[in-house]
Amino acid sequence: MPLLPGAEPFRHDGGEIGVLVCHGFTGSPQSVRPWADHLAARGLTVSLPLLPGHGTRWQDLAVTGWQDWYAEVDRELARLSRACVRVFVCGLSMGGALALRLAAQHGAAISGVAVVNPANRIHDPLAVALPVLRHLVPSVKGIVSDIAKPGARESGYERMPLHAVHSMRRFYRVVDAELPQVTQPLLVMHSPRDHVVPPADSERVLSQVSSRDVTERLLERSYHVATLDHDAEFIFEETDTFITRLTAGMGEDTARTGPGKGSGKEGAAASG
């Protein structure tokens, strides 16, 4: 099956700092490729996988579930961990949820987490009917291209298979229960005007994690797919600053002992 434009997975072999970037539900690497490209240009080793069932046609997504999506990013994390001294995980939307679960599961193997509009639950009241509805209605209208910037487009599915939506809902419950296990430094960037994932999801993440080093940034000019929107460069620079701060002194012997202790919670907000 041919891939959608820009849906190809991306890898860049750089230095001893690795970054795993995760795209969202029904999207593809295209939605976060500029983020990955920016980090690669800074000399980092970067992996941006294509999640199973994504990047082709929505019917392919219907036969996959959250265990498949998580297994893919977990494999890429293992590959990066073998090649790099420090590894960070980043994600957009459901990709943010994948990044947070990786952090909860792998502890000190991950040095920091940066997420954009992380999804935490499905807010549609009809979600409670998904266990039955998914057998009656194959798909519903998609959620791609929620972008404020004129001319910007997200490459993804125009339909959402309800079997996969049901699995995603179950995944969000798993991640939500594991948020207290997230202790790594955390950068949360979210849009007040997101038409897919409400700010309440980012607020939930911020309130439930156990991280002591937390930075919050507001993306005032962007909608959901902020990595392709007006605040994209701001996201890239904030991520670079976050990683640079946490990897200062990499040449020292202590660089191989894992992530440093947090510097206390921050509540700063800024726009691009």
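See above for the structure.
The text that follows walks through the structure, step by step, so that each part is easy to find. If you're wondering where the values come from, they're calculated on a predicted model, not measured in any experiment.

### Side note on the packing of helix H4 (residues 94–106) against helix H6 (residues 162–178)
The interhelical angle for the contact between H4 and H6, taken along N-to-C directions, is 40°, at an axis separation of 10 Å. One finds that H4 runs oblique with respect to H6. Classified by chirality, the crossing of H6 by H4 is left-handed. Judged by residue contacts, Met 94, Ala 97, Leu 98, Leu 100, Arg 101, Ala 104 and Gln 105 of H4 engage Met 168, Phe 171, Tyr 172, Val 174, Val 175 and Glu 178 from H6. Among the residues making up the contact of H4 with H6, the classes are represented as ten nonpolar, one polar and two charged.

### Considerations on unusual backbone geometry
In this model, Ser 93 sits at a positive phi of 60°, which is unusual for a non-glycine residue. Mapped onto the elements, Ser 93 comes out in the loop between strand E4 (86–92) and H4. A positive phi angle, near 65°, is found at Ser 145, a position not held by glycine. Within the secondary structure, Ser 145 sits in the loop between strand E6 (139–141) and strand E7 (159–161). The buried category is assigned to Ser 145, whose relative accessible area is 18%.

Parameters and conventions
Residues numbered from 1 in each chain as written. Predicted model: local features only at pLDDT ≥ 70, side-chain atom pairs only at ≥ 80, totals over all residues. Heavy atoms only, no water. Axes fitted to C-alpha atoms, helices over the stretch in contact; angles between N-to-C directions. Helix = DSSP H or I, 4+ residues; strand = E, 2+ residues; numbered from the N terminus. Parallel < 35°, antiparallel > 145°, perpendicular 65-115°, else oblique. Left-handed = near helix turned anticlockwise from the far one by under 90°. Contact = heavy atoms within 4.5 Å. Nonpolar A, V, L, I, M, F, W, Y, C, P; charged D, E, K, R; others polar. Buried < 20%, exposed > 50% of the residue type's maximum accessible area, 1.4 Å probe, protein only.

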